[in-house]
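Here's the letter readout for the chains.
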Amino acid sequence: MSQPYRIEPLDGHDRSAFVSGSDALDRYLQQQAKQDMRRRVATCFVAVDIEGGIAGYYTIAASSLVLDALPPEQAKRLPRYPTVPAVLLGRLAVAQSHQGKRLGGALVADALIRATRAEVMAYAMVVDAKDAVAARFYEHLGFTRLGDDQRRLIRAL
Ligand SMILES: CC(C)(COP(=O)(O)OP(=O)(O)OC[C@H]1O[C@@H](n2cnc3c(N)ncnc32)[C@H](O)[C@@H]1OP(=O)(O)O)[C@@H](O)C(=O)NCCC(=O)NCCS
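Residues numbered from 1 in each chain as written. Predicted model: local features only at pLDDT ≥ 70, side-chain atom pairs only at ≥ 80, totals over all residues. Heavy atoms only, no water.

With 15 residues, helix 3 (residues 103–117) should cover 21 Å at 1.5 Å per step; its first-to-last C-alpha distance of 21 Å lies within 8% of that length. All buried positions along helix 3 are accounted for by Leu103, Gly104, Ala106, Leu107, Val108, Asp110, Ala111, Leu112 and Ala115. (Helix = DSSP H or I, 4+ residues; strand = E, 2+ residues; numbered from the N terminus. Expected span 1.5 Å × (residues − 1). Buried < 20%, exposed > 50% of the residue type's maximum accessible area, 1.4 Å probe, protein only.)

Structure representation (structure tokens):
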């Protein structure tokens, strides 16, 4: 990253000026993220720039993966439970003015660290990429596509 950012849970930050290029992801941050946190269905972390603005955000939540959907070489090392626990990287967006500065990669790395350190165990991080471009971004960061599903990718923790 070429600029310093602080990554912290979404709280009283000003969300109104956030523009990532995806209306749905901007709207989520502005209208839904805090409610999801209050209802304990997802945690939202924001990257704050030196001026205090939100430069990017991601959400994580508990999830699960069907064991039989995992690549056989991974599944064979796991107990024969029907599902294994996972952490869902639900949403990820970087403000347009901050894109291309390695912030997206840093946010994913931060999510992986938090998931690895959590006391509630999870086998992998899972993400549903919103399009083919996003899927290639996650592949670049070490995620692999789950079988024939072109949008779902995982990375073992
Ligand atoms: C996708 C997004 C999060 C990437 O964030 P970013 O800060 O611009 O990306 P970074 O600068 O951190 O890129 C990290 C690395 O991924 C690479 N990369 C970025 N986009 C890529 C893509 N589409 N395909 C392959 N590699 C990609 C970068 O070259 C960089 O590689 P390097 O570290 O080896 O040099 C950002 O463009 C965005 O918010 N887009 C709109 C919303 C969106 O699509 N979100 C994804 C939701 S599923």
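Tracing the backbone through its elements, the reader meets glutamate 8 in strand 1 (residues 6–9). There is a polar contact of 2.9 Å between the side chain of glutamate 8 and the side chain of arginine 6. Sequence-distant contacts of glutamate 8, defined by excluding residues within four places in its chain, comprise His13, Cys44, Phe45, Val46 and Val48. (Polar contact = N/O pair within 3.5 Å; in protein donor to acceptor, adjacent residues only side chain to side chain. Contact = heavy atoms within 4.5 Å.)

This part is about the packing of aromatic side chains. Under the defined criterion, the tally for this structure stands at 5 aromatic pairs. Geometrically, the ring pair formed by phenylalanine 18 and tyrosine 57 is edge-to-face, given 5.6 Å between the ring centres and 70° between the ring planes. With phenylalanine 18 in the loop between strand 1 and helix 1 (23–38) and tyrosine 57 in strand 3 (residues 54–66), this pair connects stretches of sequence that are 39 residues apart. Each member of the pair, phenylalanine 18 together with tyrosine 57, is buried. Ring geometry for phenylalanine 137 against tyrosine 138: centres 5.3 Å apart, planes inclined by 65°, an arrangement best described as edge-to-face. According to the relative accessible area criterion, phenylalanine 137 is partly exposed, its value standing at 29%. The class for tyrosine 138 is buried, based on a relative accessible area of 7%. In textbook terms, an aromatic cluster arises when at least three aromatic residues are bridged by ring pairs, as seen for Phe18, Tyr28 and Tyr57. The lysine or arginine in question, arginine 91, covers the ring of tyrosine 28, its NZ or CZ lying 3.9 Å from the ring centre. Above the plane of the ring of phenylalanine 45 lies arginine 114, whose end atom (NZ or CZ) is 3.9 Å from the centre. (Phe/Tyr/Trp six-rings, centres within 6.5 Å; stacked < 30°, edge-to-face > 60°. Lys NZ or Arg CZ within 6 Å of the ring centre and 35° of its normal.)

It is worth spelling out the pattern of salt bridges at this point. Per the stated rule, a full pass over the model turns up 6 salt bridges. Among the salt bridges present, the one from aspartate 110 reaches arginine 114, with a minimum N-O distance of 2.8 Å. Here the residue aspartate 110 and the residue arginine 114 both occupy positions in helix 3, the gap between them amounting to 4 residues, near one helical turn. Among the ionic pairs, lysine 130 bridges to aspartate 131, the shortest N-O distance being 3.0 Å. A residue is classified by how much of its surface remains accessible, and lysine 130, at 55% relative accessible area, is exposed. Residue aspartate 131 is classed as partly exposed on the basis of its relative accessible area of 24%. (Salt bridge = Lys/Arg side-chain N within 4 Å of Asp/Glu carboxyl O.)

Strand order in the open sheet formed by 7 strands is 1-2-3-4-5-7-6, and the pairing between neighbours is mixed. Of all the strands in the sheet, just strand 1 and strand 6 (144–145) have a single pairing partner and so form its edges. Judged from the 3 bridges that link them, strand 4 (residues 83–94) and strand 5 (residues 124–128) form a sheet pairing that is parallel. Bridge pairing in strand 5 places alanine 86 opposite alanine 124. Contacts between helix 3 and the sheet are confined to strand 1, strand 2 (43–48), strand 3, strand 4, strand 5 and strand 7 (152–156), with strand 4 contributing the most and set at about 150° to the helix. (Pairing = 2+ DSSP bridges. Axes fitted to C-alpha atoms, helices over the stretch in contact; angles between N-to-C directions.)

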